[in-house]
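# A structural walkthrough
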Amino acid sequence: MVGETFAPGANVSAIARAHGLDPSQVFAWRRKALASGIVAPLSERARPIKFARFEAVAGETMEIVVGDVAVRIGSDVEPKRLAAVIRAGRQA
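Now for a description of the structure that goes with this document. Only a predicted model underlies this, so the values are computations on that prediction, with no experimental measurement involved. (Residues numbered from 1 in each chain as written. Predicted model: local features only at pLDDT ≥ 70, side-chain atom pairs only at ≥ 80, totals over all residues. Heavy atoms only, no water.)

### Examining the overall build of the chain
Short version of the rule: In DSSP terms, a helix is any run of H or I states spanning at least four residues, a strand is any run of E spanning at least two, and both are numbered starting from the N terminus. Each residue's exposure class comes from its accessible area (1.4 Å probe, protein chains only) as a fraction of the maximum for that residue type: buried when under 20%, exposed when over 50%, partly exposed otherwise. Should any heavy atoms of two residues lie within 4.5 Å, those residues are considered in contact.
Helix and strand counts for the chain come out as three helices and two strands. Mapped in sequence order, the helices and strands of the chain form the string α-α-β-β-α. In the chain, buried positions account for 17% of the 92 residues. Long-range pairs, those at least 24 residues apart, make up 32% of the contacts in the chain between residues at least 6 apart in sequence.

This is the structure in structure tokens:
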């Protein structure tokens, strides 16, 4: 739950209330998590991806181009795995 609060645009109070908690408790957990090094805020480089072009083509593979990085994936890739690969490419 603490991880949810670090997402861009996250509302800590709303997240706390959705879990039946007082917002001050969740803010305290966030401070402790940051101080311990368990989590870190997103860097300035972590910005929303903007697409320069989009070409829809039917097929078994897909190519995603972010800047000068191209990722080719099959239709069976899990969304979490794809997200991790794209994040890694953005940090390169």
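### Side note on the side chain of Thr5
Following the sequence through the fold, Thr5 ends up in the segment before helix H1 (12-18). For Thr5, a relative accessible area of 5% puts it in the buried group. For Thr5, the contacting residues outside a window of four places in its chain are Ala10, Val12, Ile15, Val26 and Arg30.

### A look at the packing of aromatic side chains
Definition in use: We call Phe, Tyr and Trp rings a pair once their centres come within 6.5 Å, taking the six-membered ring for Trp, and we label the pair stacked below 30 degrees between planes, edge-to-face above 60, and tilted otherwise. Only when the NZ of Lys or the CZ of Arg is both within 6 Å of the ring centre and within 35 degrees of the ring normal is a charge said to sit over the ring.
All chains considered together, the criterion is met by zero aromatic pairs. Just above the ring of Phe6 sits the side chain of Arg30; from NZ or CZ to the centre is 4.3 Å.

### Brief notes about the nonpolar core
Generally speaking, a soluble globular protein has its nonpolar side chains buried in company with each other. The criterion, for reference: Each nonpolar core is a collection of buried residues, namely Ala, Val, Leu, Ile, Met, Phe, Trp, Tyr and Cys, held together in the definition by side-chain atoms within 4.5 Å.
Listed in full, the five residues of the largest apolar core are Ile64, Val71, Ile73, Leu82 and Ile86. For this core, the secondary-structure elements that each account for two or more residues are strand S2 (69-74) and helix H3 (79-91). If we skip the residues at most four places from it in the chain, Ile64 touches Val69, Ala70, Val71, Leu82 and Ile86.

Geometric values such as these leave the question of function open.
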